[in-house]
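Below are the chains, spelled out letter by letter.
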Amino acid sequence: MEKRNRWKDAAGLIADSFRMSKANYVTLTVSAIIESAKSILEMMAPAMLVDRITGAGAFGPVLGIVFFYALAVLLADASRKAVSLFSTAFGYKAGNRAALSVGQKGMRIDYGGWEDTETYEGMLRAARSTWVFQNITDLLCENWLASVIALVPVLYILSHVDAFLLLPLSALLLLELFLERKTDDRIYSLEEGRAADEKKLHYNEKVMTDLKYGKEIRLYGAMQAVAEKYEESRRKVFSFQRRQKKAEVQFRVCAAAIACVEGILVYLAAIREYGRGAVTLSFFLMFVGAVRLFTESVKSIVENFEWVRDLAGYYSDYRKFMDGPEGFLAAGQKDEALSGSFDIEFRNVSFRYPGTDEYVLKNVNLTFPYGKKTAIVGENGAGKTTLVKLLLRLYDVTEGEILAGGVNIKEIRYQDYLGLYAAVFQDYKLHSFSIRENIAFQEEGKDGQIWELLKKQGLYEAVKETKRGLDTFLTRELDQDGKDFSGGEKQRLAMVRALYRNAPFLVLDEPTAAIDPIAELKYFERLKEDTAGRTAVFVTHRMASTKFADNIVVLERGEVVESGDFAALVGSGGLFEKLFQIQADFYK
């Protein structure tokens, strides 16, 4: 990144951090004033004490000076500690707000974007960079401002000594800053290259610690293979970390050598001036302290400017992700199709996934009539789930259009269009939240409706017997008193969540995959009742379950090859009858 762009990012970082936590700037400014006053006092106190002992000054008794100094340092440390507690809380608040913004941005990105590796790695880099919002405030206020304040009396003292001493000191200081700059660039370049390997490490760590992977790992004896995958990714990440630490240690050794030379020069100059009688003993001590404070303050000011530039590099990862496209959420403003009864129509729809040349769906024409139930069937890979993704606008069509009440869905506000649907996917997800939160999320005050739906889905007793009812957590991952439901119960709970939304369109992708045939029969009997007056679209691999549908759409290799009701298709001699007969023979 060019330097001017990096400083532009630095300005953006400062503005964002101030917006996220103004209180942190206030507390750290107070802390900077306290710290600079303490540093100045520490520089002057030895000289004041020596003046009193040698009788060269008019200060109070020695004991009074010592007591005043000790009390002042104690109060300064206590005050700064108290302010620091507030600052830490405010700093975490800023970092957490930034992390939340990354998560919210991720939830707004188009579904298809998450199948792009670059998007996922970009989110990891952005999430890893949120710490800069806390650190930028520390640098600007607590470090930079404190150093600027301390420089005022220091420069006054140094103006009374040989100015030529400042030349070698400045040269050494510049050398140290140059070496630090090169070290920081090296560390940052290694940090950038670590993202891909960190992603693998996070995934492998999840596989080793997430219970949902445990059964297959044990059953297939894959413990060693998984452990080796984890160890391989850990070694690669550790290699980056080791090279970063090596560069840091090399710099620290050089910095210590430079500091040693600086100390020798300062003491030689001070002894020379004292030996000539040009300065008093008290000024000798103050001069040594002033040079030390000068070096530390200048280094802090320059380093913090450079650190701001470095933080801006991390911030650019955050900003790049946050400024990335949101696609569907930013498009479409019409709402004509969102009221009343209307059909959803696929008109000459073809689709291929981004980055591929093969069409998954080809010239599909079909209609989902309002208030009717449509089943979508076909062999694996026929395009059933892809068709559902297009219906829900998780992807946009490659060719053709999808119409809602005659309006192209691309012209409808995205969230309004999604509000038409409730869905249960084959790979549905339930969360380690309470049962109520899994169904209604943040909505409150409708427990009666939830209990009624649980009763219809045969889950009433299972929930009622728990200790806390709807407040019971799913799984014991976060709560020891949580409830572990069976696979079929979880699927029915996902169905309760979909019905609770009371959307006009219900989409079910393999809704009976985890339940037995008898439970399946009851499921569809309930479904017929629950979806009365609503449009229902369900994907299934069990041909018999389509008896409940008003219309059946048969897909083969991405094309609609048959459609009609069960009676018409089962005797047509086509693909549907063939698939039905194969399954019937299997059950016989």
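Conventions we followed
Each chain has its residues counted from 1, running along the sequence as written. Under the rules for a predicted model, residues below a pLDDT of 70 receive no local features and side-chain atom pairs below 80 are neither given nor counted, while totals for whole chains, interfaces and linings still include all residues. Computation of side-chain values: all heavy atoms of the structure, hydrogens and water removed. Think of it this way: a Phe, Tyr or Trp ring, Trp meaning its six-membered ring, pairs with another when their centres are within 6.5 Å, and the plane angle makes it stacked under 30 degrees, edge-to-face over 60, tilted otherwise. Only protein chains enter the area calculation, which uses a 1.4 Å probe; residues under 20% of their type maximum are buried, those over 50% are exposed, and those in between are partly exposed. A ring is considered to have a charge above it if a Lys NZ or an Arg CZ atom is located within 6 Å of its centre and within 35 degrees of its normal. Note on pairing: DSSP must find at least two bridges between two strands before they are called paired. Numbering of helices and strands starts at the N terminus; helices are DSSP runs of H or I of at least 4 residues and strands are runs of E of at least 2. Pairs of N or O atoms are called polar contacts if they sit within 3.5 Å, as long as, within protein, a hydrogen donor faces a hydrogen acceptor (for residues adjacent in sequence, only side-chain-to-side-chain pairs). Residue contacts are defined here by distance: any two heavy atoms, one from each residue, within 4.5 Å place the two residues in contact.

### So, the packing of aromatic side chains
Phase 1 of the analysis: Per the stated rule, a full pass over the model turns up 17 aromatic pairs.
Phase 2 of the analysis: Between F18 and Y25 the ring centres are 5.3 Å apart and the planes differ by 70°, which places this aromatic pair in the edge-to-face class.
Phase 3 of the analysis: By relative accessible area, which is 40% here, F18 ends up partly exposed.
Phase 4 of the analysis: Chaining the aromatic ring pairs together yields one cluster made of F342, Y370, Y417, Y421 and F505.
Phase 5 of the analysis: Between K455 and the ring centre of Y460, over which it is positioned, the NZ or CZ distance is 4.9 Å.

### Here's the deal with the sheet that holds strand β1 (residues 344–351)
Phase 1 of the analysis: Judged by pairing direction, the sheet is antiparallel, and its 4 strands sit side by side in the order β2-β1-β4-β5 without closing on themselves. Lying at the two open borders of the sheet, with one neighbouring strand each, are β2 (361–368) and β5 (407–408).
Phase 2 of the analysis: Relative to β5, strand β4 (residues 399–404) runs antiparallel, the two sharing 2 bridges. Looking at the pairing, L403 lines up with N408 of β5.

### Looking at the pairing of strand β10 (residues 559–564)
Phase 1 of the analysis: Bridge count between strand β9 (residues 551–556) and β10: 5 bridges; the pairing is antiparallel. The partner of V554 across the bridge, within β10, is E562.
Phase 2 of the analysis: Connecting β9 to the next strand, β10, in antiparallel fashion are 2 residues, including R557 with a positive phi near 50°.

### With respect to the side chain of N438
Phase 1 of the analysis: Relative to the elements of secondary structure, N438 occurs in helix α13 (residues 435–440).
Phase 2 of the analysis: Among the polar contacts made by the side chain of N438, one reaches the main-chain carbonyl oxygen of F433 at a distance of 3.4 Å.
Phase 3 of the analysis: In contact with N438, other than residues within four places in its own chain, are L430, H431, F433, L474 and R497.

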